[in-house]
Amino acid sequence: DRILIHFEAVDKIKTLRESASRELVEMNEAAKIESLVAKEEIYAEAEAERENEAASLDLIKLLGKARMEEIIHAIESIFWHLAGSLQHLFTPEGREQFLFYAGTLASLVFMISTMKEMITLGCICVLRYFTAPRLVREYGNLSAKAIRSSKRAQAMKEIVLPPQSMQRMELVVKVAESASKKRLPLRSVLIHGKPGAGKSIAAKAIAKSCSLPYALMSGADVFPMGSQGPAELRRLLTWASNKRHGGILIIDEAECALGSRVTSRTDDEGAGRIMGNDTTPSSACFSRDCLNVLLSMTGSFGNIMMILTTSNPSELDDAVLDRIDEIIHLPLPSENERELLLRSQFSRQFELEEDCNATYRLLSNIRRSNNAKAHFDAHFDVECVLDLAKDSKTEGFSGRELEKIIQGILHKTYASDSGVLSTSLWEMETKKLVKAVAVKKRGTGSRKQRGRV
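Treat the numbers as computed from the prediction; the structure is a model and nothing was measured.

Our focus in this paragraph is the pattern of salt bridges. Scanning all chains against the criterion turns up 8 salt bridges. Taking the shortest distance from any N to any O, the salt bridge between Glu138 and Lys204 comes out at 3.0 Å. Placement of the pair is Glu138 in strand 1 (residues 136-140) and Lys204 in helix 6 (residues 199-209), with a sequence separation of 66 residues. Glu232 is the partner of Arg235 in a salt bridge, and the nearest nitrogen-oxygen pair spans 4.0 Å. Of this pair, Arg235 and Glu232 both sit in helix 7 (residues 228-241), 3 residues apart, which is roughly one turn of that helix. Taking the relative accessible area as the measure of exposure, Arg235 reaches 35% and is therefore partly exposed. When salt bridges with common partners are traced through the structure, they connect Arg168, Arg187 and Glu326 into a single cluster.

Here it is in structure tokens:
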């Protein structure tokens, strides 16, 4: 039984081995078939890709050839157009068109490249033309054409001064004109005298009589500008120095802006002690800055003619006085000058009343609103005006005080019932006005004495 079982087991094992070998052979054959199928598929796909790539290359070649033909055609067209343009350029019409387009293109390029500089230059010119230094109160003689001799003589005749002062002023005008024509340095002038003596009017008369542009400023305008005052003065001096034949700068009340540096330093120390700070800005500080600006720009002989007016020459700095070439003193008017002043002022403010009918009087009243002149009656004694000049009570009166007397009488005439100046009204009002001026002069004299003490 054991041997049979053994033989049966051997047979089963042999059978199993034979079946396993058959299955293995079948599996190998199936794997070979599958690999052959996969290879065929891969070869087929690669062949299809090669065919597609060849077709794409043929299409690219066709497109490149077409594009190249388009480029060649465009180049040929451009050259043909250039050849036609060159042929047209040699014709008269073509030359005109070429010059027009070339000039237009060059103009555009120039405008675009210089637009910024042109705008900047235009703004500077506009600002220089329409803006003036803030210190300037009045300009004159700005036109290039010199003023006529008749106007020059009229400017000198409008003022009433002693003959000696008039001669000095006329000499200053002649010297300034000759120096301007021959390009020589201009000479500066100092006009001093008591308040109301006519210093400002004399300075303007000299400037108007010269054929040079002038600018009028006041030294009292410097301090309100604060720290900008010296800069504005520098701007004004630059304006005068840039004039071709020279410029005139009138500084009225020069002691306010060009005072002595010793006095300015004392005032600064006093202001610092009062305010508790030595660096407190004051009018003396700004005056010193203005003085430094003026001295730095007028140190050498140049084409700036300064005309300074002051009531106290001793308050000016020594360096400023050193730059002065001519000094003119204006005394108070004498009897003859008071007579001329009063006669001139009276003729400006009053005229004889017309003896006419009611219609003409009505028209005269309408015209009076536009006319500053008042009327004096036919019985008015004009010699009263000359008697006022000869009166000893008006001795020592300045021209401004005499003008105020005439102005006061003018106001009283308009305020009267008749509106016409009579002899009685003249005598009554002149007494009051002369007395008021005398009282004011006595008060001023007493204050000066206390100041000296």
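Across the sheet, 3 strands lie side by side as 7-8-9; this open sheet has parallel pairing. Each end of this open sheet is capped by a strand with a single partner; those strands are strand 7 (350-352) and strand 9 (420-421). Where strand 7 meets strand 8 (residues 374-376), 3 bridges bridge the pair, whose relative direction is parallel. Looking at the pairing, Leu352 lines up with Phe376 of strand 8. Docked against the sheet, helix 11 (residues 335-349) engages strand 7, strand 8 and strand 9, running at close to 70 degrees with respect to strand 7.

Through backbone hydrogen bonds, the strands of a sheet pair up, either in parallel or in antiparallel fashion. Here we have 6 strands laid out as an open sheet, ordered 1-3-4-5-2-6, and mixed in their pairing. The sheet is open, and its two edges are formed by strand 1 and strand 6 (326-330), each paired on a single side. Looking at each pair of strands side by side, their axes are set apart by 15 degrees on average, direction ignored. Where strand 2 (residues 189-193) and strand 6 come together, 5 bridges link them in parallel fashion. Its bridge partner lying in strand 6, Gly193 is registered against Leu330. Helix-sheet contacts for helix 6 involve strand 1, strand 2, strand 3 (214-218), strand 4 (247-252), strand 5 (304-310) and strand 6, and the interaxial angle to strand 5 is about 165 degrees. Running over the sheet, helix 7 touches strand 1, strand 3, strand 4 and strand 5 and is turned about 160 degrees from strand 3.

Parameters and conventions
Residues numbered from 1 in each chain as written. Predicted model: local features only at pLDDT ≥ 70, side-chain atom pairs only at ≥ 80, totals over all residues. Heavy atoms only, no water. Salt bridge = Lys/Arg side-chain N within 4 Å of Asp/Glu carboxyl O. Helix = DSSP H or I, 4+ residues; strand = E, 2+ residues; numbered from the N terminus. Buried < 20%, exposed > 50% of the residue type's maximum accessible area, 1.4 Å probe, protein only. Pairing = 2+ DSSP bridges. Contact = heavy atoms within 4.5 Å. Axes fitted to C-alpha atoms, helices over the stretch in contact; angles between N-to-C directions.

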